[in-house]
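Residue strings, one per chain:
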Amino acid sequence: MTIVPEPGPAEPDSMPSSRTPVALSRRDLAIGVGVVVLAIVVTAVLAFRAGGSAADPAATRPSARPSPSASGPPTTAQIYQAVAPSVVTIETALPDGGASGTGIVANAQGTIMTAFHVVKGGTSIKVRFADGTESAAEIAGSNPELDIATLTPATLPDVLVPAVMGNSGRIAVGNDVVAIGNQLGLTSSATAGVISGLNRTAANPDGTRLSGLIQFDAAVNPGSSGGPLVNARGETIGIVVALANPTSAGTFVGVGFAVPIGAALGSTGPGEPGPEQ
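Rules used in this analysis
Residues numbered from 1 in each chain as written. Predicted model: local features only at pLDDT ≥ 70, side-chain atom pairs only at ≥ 80, totals over all residues. Heavy atoms only, no water. Pairing = 2+ DSSP bridges. Helix = DSSP H or I, 4+ residues; strand = E, 2+ residues; numbered from the N terminus. Axes fitted to C-alpha atoms, helices over the stretch in contact; angles between N-to-C directions. Buried < 20%, exposed > 50% of the residue type's maximum accessible area, 1.4 Å probe, protein only. Polar contact = N/O pair within 3.5 Å; in protein donor to acceptor, adjacent residues only side chain to side chain. Contact = heavy atoms within 4.5 Å. pLDDT = per-residue confidence, 0-100.

Participant: So what's going on with the sheet that holds strand β9 (residues 209–216)? Which residues, and what values?
Facilitator: The strand order around the closed barrel built from six strands is β7-β8-β9-β12-β11-β10, with neighbouring strands paired in antiparallel fashion. Going from strand to strand, the sheet's axes swing by 50° on average, the running direction of each strand aside. In this sheet, strand β8 (residues 189–203) lies alongside strand β7 (residues 176–181) in antiparallel orientation, the contact comprising six bridges. Residue pairing for β8: Val 178 is matched across the bridge by Ala 192.

Structure (structure tokens):
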């Protein structure tokens, strides 16, 4: 009979078990990964709050400070380009020669406004529009006391560009102005300056005394008469009628005069271009 010995207490392994260290390592690793992830999340949140983002309402909130306009006031060149299509050249035949001047298209019917002395006593009047169209014209209305006349042309250009009328009651000394005209035969000339005075009195070429005039220092000369005096928005605020020169030369020395457009528009009776805009 074989005797099977009863199992006794297990002897301890001669090598330490690897189970406990493996289990601890995984737990430590899990804890470490969690700490790292938490640190990354906290860092990202702090950076997000500090730097903002496109979705951050604080970053997209409009500022109370007005932003400057990308474009400034119009330049003299821009004003000229806007007004020039409304400017016409006027040639008047007289018994003893001729006269030349400037005018503007005053309304959609093609009425032309100019200085009365440019067409006074003319046996015939010819106007040339900015696109080159030429036409005979007749005086439709006049006011010698203001030196203003309106003309009706027989032919109109295919594209008619009336001048934009301003409010001459809102002008002030120091305002920028541009004068456009055909001074000394140099057509479509533009000069710039400022309003130098208001409610001035002057004499036109035939000696008529004119009052309530705008004084300005943009250069004008014979041939400029009847042309527009324009503000910084390209609006006609006056009709050039005279210049001052203490000599007999009749050329510009820094003082020009224009009839306010409000007075000019309501002055000529039949043929007047209508109320001021």
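The rest of the description comes next.
Participant: Describe the side chain of Asn 245, and please don't skip the residues or the numbers.
Facilitator: When you line up the elements, Asn 245 lands in the loop between β11 (236–243) and β12 (256–260). By relative accessible area, Asn 245 is classed as buried at 18%. Within polar-contact distance, the side chain of Asn 245 engages the backbone oxygen of Thr 251 at 2.4 Å. In contact with Asn 245, not counting residues within four places along its chain, are Gly 250, Thr 251, Phe 252 and Val 253.

Participant: Describe the confidence of the model for the protein chain, naming the residues involved and giving the relevant values.
Facilitator: With 70% of its residues at a pLDDT of at least 70, the protein chain reaches an overall mean of 80. The secondary structure element of the protein chain with the lowest average pLDDT is helix α2 (residues 57–60), at 42, and the one with the highest is strand β10 (residues 228–231), at 98. Note that residues 1–24 has pLDDT below 50 and, in this model, zero contacts with residues that lie over four places away or in other chains.

Participant: So what's going on with the pairing of β9? Which residues, and what values?
Facilitator: Bridging between β8 and β9 involves five bridges; their strand directions are antiparallel. Opposite Arg 200, over in β9, you have Leu 213 as the bridge partner. Here β9 runs beside β12; their pairing, made up of three bridges, is antiparallel. Directly across from Gln 215, in β12, lies its bridge partner Phe 257.

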